[in-house]
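Inside the fold
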4 protein chains.
Amino acid sequence: MSSTFGNFLKVTTFGESHGGAVGAVIDGLPANIPLTEGKIQIQLNRRRPGQSDITTPRSEADTVKILSGTENGLTLGTPVTFVVENLDQRPGDYSSAAAAPRPSHADYTYTMKYGITASSGGGRASARETIGRVTAGSAAEIFLLEKFGADIVAFVSSVGSITAPIIDDLEGLTREAVDKHFVRCPDQKSAEAMERLIREVKSDGDSIGGIVTCVCRNVPAGWGEPVFDKLEALLAQAMMSIPAAKGFEVGAGFASAAMRGSEHNDIFVAKDGRLGTATNRSGGIQGGISNGEPIIFRVAFKPTATIGKEQVTADYIGNETILKPTGRHDPCVVPRAVPVVEAMAALVLGDMALGQMGR
Amino acid sequence: MSSTFGNFLKVTTFGESHGGAVGAVIDGLPANIPLTEGKIQIQLNRRRPGQSDITTPRSEADTVKILSGTENGLTLGTPVTFVVENLDQRPGDYSSAAAAPRPSHADYTYTMKYGITASSGGGRASARETIGRVTAGSAAEIFLLEKFGADIVAFVSSVGSITAPIIDDLEGLTREAVDKHFVRCPDQKSAEAMERLIREVKSDGDSIGGIVTCVCRNVPAGWGEPVFDKLEALLAQAMMSIPAAKGFEVGAGFASAAMRGSEHNDIFVAKDGRLGTATNRSGGIQGGISNGEPIIFRVAFKPTATIGKEQVTADYIGNETILKPTGRHDPCVVPRAVPVVEAMAALVLGDMALGQMGR
Amino acid sequence: MSSTFGNFLKVTTFGESHGGAVGAVIDGLPANIPLTEGKIQIQLNRRRPGQSDITTPRSEADTVKILSGTENGLTLGTPVTFVVENLDQRPGDYSSAAAAPRPSHADYTYTMKYGITASSGGGRASARETIGRVTAGSAAEIFLLEKFGADIVAFVSSVGSITAPIIDDLEGLTREAVDKHFVRCPDQKSAEAMERLIREVKSDGDSIGGIVTCVCRNVPAGWGEPVFDKLEALLAQAMMSIPAAKGFEVGAGFASAAMRGSEHNDIFVAKDGRLGTATNRSGGIQGGISNGEPIIFRVAFKPTATIGKEQVTADYIGNETILKPTGRHDPCVVPRAVPVVEAMAALVLGDMALGQMGR
Amino acid sequence: MSSTFGNFLKVTTFGESHGGAVGAVIDGLPANIPLTEGKIQIQLNRRRPGQSDITTPRSEADTVKILSGTENGLTLGTPVTFVVENLDQRPGDYSSAAAAPRPSHADYTYTMKYGITASSGGGRASARETIGRVTAGSAAEIFLLEKFGADIVAFVSSVGSITAPIIDDLEGLTREAVDKHFVRCPDQKSAEAMERLIREVKSDGDSIGGIVTCVCRNVPAGWGEPVFDKLEALLAQAMMSIPAAKGFEVGAGFASAAMRGSEHNDIFVAKDGRLGTATNRSGGIQGGISNGEPIIFRVAFKPTATIGKEQVTADYIGNETILKPTGRHDPCVVPRAVPVVEAMAALVLGDMALGQMGR
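So, here's what we can say about the structure. Predicted model, so just to flag it, every value in this text is computed and none were measured.

Re the overall build of chain A
Counting its regular elements, chain A contains nine helices and 19 strands. Relative to its length of 359 residues, chain A is compact, with a C-alpha radius of gyration of 21 Å against a globular reference of 21 Å. Across its three principal directions, the C-alpha atoms of chain A cover 65 × 50 × 40 Å. Evaluated residue by residue, chain A yields a buried proportion of 66% over its 359 residues. Sequence separation of 24 or more characterises 70% of the internal contacts of chain A that already satisfy a separation of 6 or more. For chain A, the accessible surface area stands at approximately 11600 Å², while carbon and sulfur atoms represent 52% of it. Here chain A holds 35 positive side-chain charges and 40 negative ones, and the gap between their average locations is 1 Å.

Below is the structure:
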């Protein structure tokens, strides 16, 4: 179990979906950063289930409380602790899971890791763990904005095979624009098509994957630590640690594999007093270090493994069995992944900011 | 500068292309693993420039020496140190770089990170740094094979827009089959097309990107550390820390975003005494932990930034300038990235193996 | 700020004396360890102020709550979070501190570290931070006892110049025997003399230092990680990180400097089925690794810097000023340091236990 | 095996006494620090055996070579690798050790840790491992002197029961003064008495312990990381990780336990433009952070376990056996520990310097 992330800005998340609370401790934030529960709550609300009639209908309040590290609305430079109570707390029910592992869930692998009888740790594979990430990530976002004017906006760029057109004005994109439609795609036409697809998938008792695109703006040049803690490497780790993430790419990403150097290279140009690049196929990172251009990356999420259909699978002993659907599920988690992607980006950038401030 | 990787199996690489030597120290390998210079040399030779007439013609011998950690061909359980002398050692020449940063190189970002006059660290962004990774990774590979029978084979699956068909028998694929053609694509027809493309690109004074696919076999179920050190998260960090990597995906990867849950879920079936899955869209990892199926991932590499063409760009002050090509370059580094991908995969798996052995 | 300790068993403490709560998160405890709030409360009560009329009269309840990581009284293998509310919560009053730094307090150094105006972090230098250590350490103690039968007992061996005679039966010493007298010296005659000295010091408005001796029993041979994480090195770090600690020694300690090798060497003898040593000048550790004998070390604590006397000192600008005593203070903190020493020992041993279980 | 030390300035040592080489990699040193083999060699020569007729007569040259991280005598900001060849290389001879573990050596504990048959790791418990520490520590010393004007001087303050009087002018003490007599006690009368004692002990075939005192000057206020990486805590870990160290104390140390607060408190006074303290019982550290006064600490070393006398002990099976002396030994290692203590102090201070530079 590795519940701690970061070298200079360290976050530790804790809590199971069926326990008393979930949350996080973040250590390394400088003093005098304005930080209140209200600011953290905003992103928590964006992560919350039940934001529309097509997401999970559980509507826990998910209210954050700050237990330490602030005074009079300012950070003290000490560990900040965020706690969110589990109101909907139920004792873990592993009876059905014990009979047959759910396909493409963590049931089987956790059992193999922690031993056959243990329900150990499984609760940490739950999406509810990401609450801790969002609280700590929001604090990191505030630090980045206050100290560097840097900000982060993520949005849904694909649901299933519906892909939004390239957003022209990534530098001007706001979270308000993203949130106009609850699928969190700022292109309204695509958003509506995505909604239709999600409703169709839902009525089929199925689920669907999608892609989140993220842009980080006003990140100063010079962040990232060669050799192993390159900025893109830590972003990749951060994103691929989010439940259901299956792919990560930065800048031109996989498409760059099909390009020639003369096409891909970002030529330098003068830009209001600094050196910039005419194009941004590098995605704002060269040689593992930010170059001052917007950092752009994409994260692919698989469809939720929990579906409303029967599945013919095997139980733990290997006997064929039919797994029946139980309860409700979220047909497409990607809109709710948006604040989680933003949070993890903020944690990586905050970490690298502190690393560079040491020079 | 973060030159150390791993939690339980820690590797530190060192050395600049223009210094005396490059290499690595690996700490955490158990005792009594058979480890000789000859075994390490095999992968170093696969990484070496000058393996064909279309790669970089520098042909340094790159001979590895083990300085510590073994006796009579066996590891002692102490740090193993690998050193490879730089025969072609030249004092760093930063005169042209000082005038104008090379587009999509690390020149500009390193300067912004370490200060305007310093040539600091730039040598660590060189591909030569990967020698240390290959030496330590080869040692980790031997550990994995000896203790668990696990092995790793990577190969080139795309060069530019030429993509090899899906390899049916990933479980039977050998490095010998991969190395039959120097582009390291085991599908001979694709390999020949790739070679033609690389020769064309080369004669244009250009470069081309590509994709490396990697399969890790006989990895026991249970490896990987939730929450932040999920197996796919550490693989992502490891791969994205390789110079020129722009994308990472595991299992169905980005394609999974377009799938429905009922399509993507890997149904369980009995497989010679263990529980396996009928399909492997998860790529051998569920919930961050290996499930006993082959681990399959892909890494996208951009085209080399160094090209044989003039580039109209800006100097450090922002004035337009023409950057002329200097010397020779490697039109496609992807075949040589194959052993580096294998090495980084071995370092991650070795780390997670030790993590799990602690349970 | 480095609020995280441990390699394999990681504890993060949080909270300021004037904030909402203090506590800790401990990550790495195996599943199925019996762990309840009641068990943790026992050591918290031993650490609590106001246990006798001569300690700090603040009598906060210091009631622990477990927020995560357990179910039905058993650990889940996930992070366990302990929270203790600050009932006596008052906004930080830095007005007098702002005028003049208190001699031998952290006022001046924290100001120099975090900047002149900031009250940053100072709350973390408070003794109240040790609550988090005691909660997490108690959990580690339970793990050590359950899995290995190992236990830890610390006691006060000196107060001022009163030093208890060597305890003959360290293997049979119990916490009950230690707690018979509130100064926590199991030798009753010494305990009474210590009490008299503490009362005398108190009536003088002064404070007094002391020494805590700790014995760890039934620790298996083989714990400790050469080279830098030797068992005695991590114990030293752990103990010297306790507020007011000024010295650490293991086995014969400083006295060994005056010995000859022929006097100091611990000769091996057969001991019920294992190899033991006839003497234990090594304090249970040789070459950084436990040898199966009781681990014995001592920690020296300076007298509390807060005293009830006027002190002629300088303000931040350097002008001479008279610092008047404010409020009440604890004339001798050493009895209350006993459970803190035990907690830190448990965290180190738990960490090394997990490290060794990986082999 | 934990061969890496430091958070921001990371050093990894490698090598066994019977292998090809020993050395270290240090990562995190800023660029443009003047660093040459000649400067490192000075401290290596002070650590070398055979400096007088009463130390170990092995006289290996111990010549350091820098393999990476510098160019034209300046650091590059990349990992610096130091290698010292083992000229006197002999295959490990464990035949006698295999029969009976040497009392108070690491033979038994290493065997219990790594398994009964393995000679694993034992070579890392050898004093020769400290060569790596001295090379990296010397580099850290140069960084501290160049950037902060900080320097470190250690000396022998006790051998056996001969203790030098308090050195009045710790701020003016030089290494030249320390090295005037080969026992490295700057008080000549004490040095001569110590020499006589060592000769007597040697002629008895015995060994003797001692104490090293260390002073670090011009360390700026503000270094050290609360809570667990307090400056005294990391110094304690660093010193207690040196082979044969049994005790550590800072400032008044164990003596402070017998003091009253009114005696121990260091009153503030104005000192050439900064706030200083009239006394220095804190040893330059308050609340885990440097206060600008000299940092003073002491390290107790036990007598070498290897002696020239027969010892009646038990073999691995538990049968009584007589262990005969083999070869020559060093009757008092404390003079040679002086540069090792300085090196470890420099590594801790360099680490904390980088930590504080990040604020």
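Now that the structure has been shown, the text picks up again.
Side note on the pattern of salt bridges
With the rule as written, the count across this model stands at 80 salt bridges over all chains. Between Arg336(B) and Asp330(B) there is a salt bridge, with its nearest N and O atoms 3.1 Å apart. The same class applies to Arg336(B) and to Asp330(B), which are both buried. Asp204(D) is the partner of Arg260(C) in a salt bridge, and the nearest nitrogen-oxygen pair spans 2.6 Å. Of the two residues, Arg260(C) sits in the loop between strand 12 (245–250) and helix 8 (261–264) while Asp204(D) sits in the loop between helix 6 (188–203) and strand 11 (210–217), which places them in two different chains.

Things to note about the interface of chain B and chain A
With 101 residues of chain B in contact, the opposing surface of chain A contributes 101 residues. Approximately 7800 Å² of surface area, both sides summed, lies buried where chain B meets chain A, with 59% of it carried by carbon and sulfur atoms. The interface formed by chain B and chain A includes six salt bridges. Joining chain B to chain A, the criterion identifies 57 residue pairs in polar contact (both at pLDDT 80 or more). Taken together, the residues of the side of chain B that touches chain A break down into 46 nonpolar, 33 polar and 22 charged.

As for the packing of aromatic side chains
Applying the stated criterion across every chain, the model contains 28 aromatic pairs over all chains. Seen in terms of ring centroids, Phe228(A) and Phe5(B) are 5.4 Å apart; in terms of plane orientation they differ by 40°. Their pairing is tilted. Taken together, the residues Phe228(A) in the loop between strand 11 (210–217) and helix 7 (231–240) and Phe5(B) in strand 1 (residues 4–5) connect one chain to another. According to the relative accessible area criterion, Phe228(A) is buried, its value standing at 1%. Here the aromatic residues Phe143(A), Phe148(A) and Trp223(A) are joined through ring pairs into a cluster of three or more.

Focus on unusual backbone geometry
Backbone torsion omega between Pro226(A) and Val227(A) reads 15°, so that peptide bond is classified as cis. Among the secondary structure elements, Val227(A) is positioned in the loop between strand 11 and helix 7.

Remarks on the side chain of Arg124(A)
Examined against the element boundaries, Arg124(A) turns out to sit in the loop between helix 3 (107–114) and helix 4 (130–148). Of the side chains bearing the opposite charge, Glu129(A) lies closest to the buried Arg124(A), which forms no salt bridge; the N-O distance is 4.4 Å. At a separation of 3.1 Å, a polar atom in the side chain of Arg124(A) contacts the side chain of Ser3(A). Sequence-distant contacts of Arg124(A), defined by excluding residues within four places in its chain, comprise Met1(A), Ser3(A), Thr13(A), Phe14(A), Gly15(A), Glu16(A), Tyr110(A), Glu129(A), Val227(B), Thr78(C) and Pro79(C).

Description of the pairing of strand 11 of chain A
Residue and element names in this part refer to chain A. Of all eight residues that make up strand 11, eight are buried, and the element is covered over most of its length. Of the two faces of strand 11, the one holding Gly 210, Val 212, Cys 214 and Cys 216 and the one holding Ile 211, Thr 213, Val 215 and Arg 217 are both buried throughout. Sheet topology places strand 9 (residues 151–159) next to strand 11; eight bridges connect them, and they run antiparallel. Within strand 11, the residue paired with Ala 154 across the bridge is Cys 214. Pairing geometry for strand 11 and strand 17 (residues 295–301), over seven bridges, is antiparallel. By the bridge assignment for strand 17, Val 212 is matched with Val 299.

Focus on the relation of the copies chain D and chain B
Relative to chain B, chain D is turned by 180° and slid 0.0 Å along the rotation axis, the superposed coordinates differing by an RMSD of 0.0 Å. Taken together, the rotation angle and the small translation identify this as a two-fold axis. Take the interface residues of chain D: 100% of them recur as interface residues in chain B, which is what a same-surface contact looks like.

Things to note about the pairing of strand 2 (residues 10–14) of chain C
All names here are of chain C. Taking burial as the measure, the five residues of strand 2 include four buried ones, the bulk of the element. Pairing analysis gives two bridges linking strand 1 (residues 4–5) to strand 2, with the strands arranged antiparallel. By the bridge assignment for strand 2, Phe 5 is matched with Val 11. What sits between the antiparallel neighbours strand 1 and strand 2 is a turn of four residues, in which Gly 6 has the positive phi angle 110°. Judged from the five bridges that link them, strand 2 and strand 3 (residues 21–27) form a sheet pairing that is antiparallel. Looking at strand 3, one finds that Val 11 is bridged to Ile 26.

Things to note about the state of the cysteines
Here is the idea: a disulfide is a covalent bond, and it sits between the sulfur atoms of two cysteines. Per the stated rule, a full pass over the model turns up zero disulfides over all chains. Looking at the unpaired Cys185(A), the closest cysteine sulfur is the one in Cys332(A), lying at 11 Å.

Observations concerning the packing of helix 7 of chain A against helix 7 (residues 231–240) of chain B
Between helix 7 of chain A and helix 7 of chain B, whose axes approach to 7 Å, the crossing angle comes to 165°. With respect to helix 7 of chain B, the axis of helix 7 of chain A lies roughly antiparallel. Judged by the sense of rotation from one axis to the other, the crossing of helix 7 of chain A with helix 7 of chain B is right-handed. Here Glu232(A), Ala233(A), Leu234(A), Ala236(A), Gln237(A) and Met240(A) of helix 7 of chain A come into contact with helix 7 of chain B, specifically with Glu232(B), Ala233(B), Leu234(B), Ala236(B), Gln237(B) and Met240(B). For the contact of helix 7 of chain A with helix 7 of chain B, a count of residues per class yields eight nonpolar, two polar and two charged.

Here's the deal with the packing of helix 7 (residues 231–240) of chain C against helix 9 (residues 334–357) of chain C
Two measures define how a pair of helices packs: the angle their axes make with one another and the distance between the axes. Residue and element names in this part refer to chain C. Packing of helix 7 against helix 9 leaves a shortest axis separation of 9 Å and a crossing angle of 145°. Two packed elements cross with a definite hand, and for helix 7 against helix 9 that hand is right-handed. Taking contact as the criterion, the partners of Leu 231, Leu 234, Leu 235, Ala 238 and Met 239 in helix 7 are, on helix 9, Val 341, Met 344, Ala 345, Val 348, Leu 349, Asp 351 and Met 352.

Concerning the relation of the copies chain B and chain A
Mapping one chain copy onto the other needs a rotation about an axis and a shift along that axis. The operation relating chain B to chain A is a screw motion whose rotation component is 180°, with 0.0 Å of axial translation and a residual RMSD of 0.0 Å. An overlap of 100% is found between the interface residues of chain B and their copies at the interface of chain A, pointing to a shared contact surface.

Rules of the game
- Residues numbered from 1 in each chain as written.
- Chains lettered and ligands numbered in written order.
- Predicted model: local features only at pLDDT ≥ 70, side-chain atom pairs only at ≥ 80, totals over all residues.
- Heavy atoms only, no water.
- Helix = DSSP H or I, 4+ residues; strand = E, 2+ residues; numbered from the N terminus.
- Rg over C-alpha atoms; globule rule 2.2 N^0.38 Å.
- Buried < 20%, exposed > 50% of the residue type's maximum accessible area, 1.4 Å probe, protein only.
- Contact = heavy atoms within 4.5 Å.
- Areas by Shrake-Rupley, 256 points an atom, 1.4 Å probe, with all protein chains shown as cover.
- Lys, Arg positive; Asp, Glu negative; His and termini not counted.
- Charge placed at Lys NZ, Arg CZ, Asp CG, Glu CD.
- Salt bridge = Lys/Arg side-chain N within 4 Å of Asp/Glu carboxyl O.
- Buried area = accessible area lost by both parts, 1.4 Å probe.
- Polar contact = N/O pair within 3.5 Å; in protein donor to acceptor, adjacent residues only side chain to side chain.
- Nonpolar A, V, L, I, M, F, W, Y, C, P; charged D, E, K, R; others polar.
- Phe/Tyr/Trp six-rings, centres within 6.5 Å; stacked < 30°, edge-to-face > 60°.
- Pairing = 2+ DSSP bridges.
- Least-squares fit on C-alpha atoms with pLDDT ≥ 70 in both.
- Disulfide = S-S within 2.5 Å.
- Axes fitted to C-alpha atoms, helices over the stretch in contact; angles between N-to-C directions.
- Parallel < 35°, antiparallel > 145°, perpendicular 65-115°, else oblique.
- Left-handed = near helix turned anticlockwise from the far one by under 90°.

Nothing here speaks to function; it is geometry throughout.
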